[in-house]
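# Coordinates in review
Read off the chains here:
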Amino acid sequence: MRIATWNVNSLTARLQHVLDWLIANPVDVLCLQELKMSDDKFPLEVLQSAGYHAAVFGQKTYNGVAILSLAPVRDVLRNITGFEDAHSRVIAATLDTPAGELRVINGYFVNGQEPGSEKFAYKMRWLDSLRQMVRDELAAHERLVLLGDFNITPEDRDSYDPEGLRETIHHTTEERQHFQALIDLGLVDGFRLFEQPEKSFSWWDYRMLGYQKNRGLRIDHILLSQALVPAARGCIIDRVPRKWEKPSDHAPVVVDLAL
DNA sequence: ATGACAGCGAGGCGCTGA
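Quick caveat: nothing in here was measured; it's all calculated off a predicted structure.

## Observations concerning the protein's contact with DNA strand B
Taken together, the neighbourhood of DNA strand B is formed by 23 residues, with Ser 10, Asn 111, His 170, Arg 207 and Lys 246 sitting nearest. Of all atoms in DNA strand B that approach within 4 Å of the protein, 69% are sugar or phosphate atoms. Here a phosphate oxygen of DNA strand B and a side-chain polar atom of Glu 34 are 2.9 Å apart. Separating a phosphate oxygen of DNA strand B from a side-chain N or O atom of Asn 151 is a distance of 3.0 Å. Broken down by class, the residue content of the surface near DNA strand B amounts to seven nonpolar, nine polar and seven charged.

Set out below in structure tokens:
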């Protein structure tokens with residue numbers, strides 16, 4: 001089965017891209033971030049017509065996440081257990097596969113704006129709470145995927161300018177320690193299980209011809225629990241829709257699992 | 001230090017994103 005994550009930067013603005021991409025890439029699961037719409041605006045019928053079930057956690061204007069799945073979803077959780085959050089940033093669900101159940105946690109991680117800011121402090125608190133939730137989820141679900149827009153470059157090679165951007169947002173030691181702490185729970189970066197081209201990124205700034213110059217960051221990730229690693233067959237970033245007219249600034253990331 | 005894009009909700013620009 002194939003599982004994908006894509007920050008669409010408004011599902012209203014990107015619905016046709018999502019539908020077109022799904023026709024070309026009929027993945028089993030597509031996790032979306034930055035819906036920027038309330039639940040009542042979610043285009044459930046058109047996605048059902050495309051064959052997908054959906055679990056949605058929307059929000060007007062900002063944030064919002066959803067899990068689309070060919071298989072029905074159950075045991076849906078919204079936001080981080082035990083963490084009061086005004087933002088809709090996390091949705092978790094269980095799917096049944098031929099090989100057994102699979103837990104999926106889809107996150108739109110906090111941006112953080114600038115180290116030292118109140119938003120950065122919120123990002124750190126949010127990451128602390130997320131880690132506790134993932135720890136508990138892993139204890140309950142051996143086969144688990146944590147994916148989404150992490151807003152963290154795990155390593156220097158995940159940035160177009162690691163020296164110039166050192167200790168700026170997405171590049172700080174603190175953020176990278178949080179990423180590593182998630183890995184230390186027993187997760188593996190699916191993308192790095194496989195040989196990848198240098199300068200592989202998943203986001204490019206709209207400004208200053210960022211995409212054309214490949215000035216990007218790899219901040220969208222798919223982490224696999226140890227039990228899933230033997231099933232991993234590949235992981236790619238699909239840059240194709242980033243070249244479409246009026247694109248999201250993020251590209252989809254797709255993992256192929258032999259499940 | 002600032003702005004460059006884009007989307008949103010206003011409301012004829014400001015906020016946020018990364």
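Still more ground to cover, so stick around.
## Section: the packing of helix H3 (residues 118-140) against helix H4 (residues 173-184)
Contact geometry for H3 and H4: axes closest at 10 Å, N-to-C directions at 5 degrees. Between H3 and H4, the angle falls in the class roughly parallel. Residues Phe 120, Lys 123, Met 124, Leu 127, Asp 128, Leu 130, Arg 131 and Val 134 of H3 form the contact with H4, whose own contacting residues are Glu 174, Glu 175, His 178, Ala 181 and Leu 182. Here the residues of the contact of H3 with H4 sort into seven nonpolar, one polar and five charged.

## Observations regarding unusual backbone geometry
With phi around 90 degrees, Ser 10 is a residue other than glycine that occupies positive phi space. Among the secondary structure elements, Ser 10 is positioned in the loop between strand S1 (2-7) and helix H1 (11-24). You will see that His 170, though not glycine, has its phi angle at about 80 degrees, which is positive. Structurally, the position occupied by His 170 is in the loop between strand S8 (144-149) and H4.

## A look at the nonpolar core
Ranked by internal contacts, the top residues of the largest apolar core, which has 30 residues, are Ile 3, Leu 102, Val 145 and Leu 224. Setting aside residues no more than four positions away along its own chain, Leu 224 makes contact with Leu 144, Val 145, Gly 186, Leu 187, Val 188, Gly 190, Leu 193, Ala 232, Val 255 and Leu 257. Core analysis: the next-biggest nonpolar cluster, separate from the first, contains 26 residues, Met 133, Leu 146, Phe 150 and Ile 152 among them.

## A few points about the UniProt feature "site: Interaction with DNA substrate" (unreviewed entry) in chain A
The UniProt feature table records "site: Interaction with DNA substrate" (unreviewed entry) at His 250. Locating His 250 in the fold gives a position in the loop between strand S13 (232-237) and strand S14 (253-257). In contact with His 250, other than residues within four places in its own chain, are Trp 6, Asn 7, Asp 149, Ser 202, Trp 203, Ile 219, Asp 220 and Arg 242. Only 3.4 Å separates the side chain of His 250 from the side chain of Asn 7, close enough to count as a polar contact.

## What to know about the side chain of Asp 238
Positionally, Asp 238 belongs in the loop between S13 and S14. There is a polar contact of 2.8 Å between the side chain of Asp 238 and the side chain of Trp 21. When residues no more than four places from it in sequence are discounted, the contact partners of Asp 238 are Trp 21, Asn 25, Ala 251 and Pro 252.

## Side note on the layout of surface pockets
Here the largest pocket is characterised by a volume of approximately 870 Å³. If you trace the largest pocket, you find 33 residues lining it, with Asn 111, Gln 113, Asn 151, His 170 and Trp 203 closest to the centre. Of the residues belonging to the lining of the largest pocket, the class tally is twelve nonpolar, twelve polar and nine charged. Roughly 200 Å³ of volume is contained in the second largest pocket. If you go around the second largest pocket, you meet 13 residues; those closest to its centre are Arg 157, Arg 192, Pro 197, Glu 198 and Lys 199.

## A closer look at the pattern of salt bridges
Applying the stated criterion to the full structure yields 17 salt bridges. Close ionic contact of Asp 128 with Arg 131 constitutes a salt bridge, the shortest N to O distance being 3.2 Å. Of this pair, Asp 128 and Arg 131 both sit in helix H3, three residues apart, which is roughly one turn of that helix. Given a relative accessible area of 30%, Asp 128 falls into the partly exposed group. What makes Arg 131 partly exposed here is its relative accessible area of 23%. Close ionic contact of Glu 155 with Arg 157 constitutes a salt bridge, the shortest N to O distance being 2.9 Å. With relative accessibility at 33%, the residue Glu 155 sits in the partly exposed group. On the basis of relative accessible area, Arg 157 is assigned to the partly exposed category, the value being 47%. A cluster of three or more residues bridged by salt bridges with shared partners is formed by Arg 74, Asp 75, Asp 96 and Glu 101.

Basis of the calculations
- Residues numbered from 1 in each chain as written.
- Chains lettered and ligands numbered in written order.
- Predicted model: local features only at pLDDT ≥ 70, side-chain atom pairs only at ≥ 80, totals over all residues.
- Heavy atoms only, no water.
- Near = heavy atom within 4 Å.
- Polar contact = N/O pair within 3.5 Å; in protein donor to acceptor, adjacent residues only side chain to side chain.
- Nonpolar A, V, L, I, M, F, W, Y, C, P; charged D, E, K, R; others polar.
- Axes fitted to C-alpha atoms, helices over the stretch in contact; angles between N-to-C directions.
- Helix = DSSP H or I, 4+ residues; strand = E, 2+ residues; numbered from the N terminus.
- Parallel < 35°, antiparallel > 145°, perpendicular 65-115°, else oblique.
- Contact = heavy atoms within 4.5 Å.
- Core = buried A, V, L, I, M, F, W, Y, C linked by side-chain atoms within 4.5 Å.
- Buried < 20%, exposed > 50% of the residue type's maximum accessible area, 1.4 Å probe, protein only.
- UniProt positions renumbered as here; feature names shortened; annotations may be inferred.
- 1 Å grid on protein atoms, 1.4 Å probe; cavity = no way out; pocket = protein on both sides within 12 Å on 5 of 7 lines; lining within 4 Å.
- Points joined across faces, edges and corners; volume = space filled by probe spheres on them.
- Salt bridge = Lys/Arg side-chain N within 4 Å of Asp/Glu carboxyl O.

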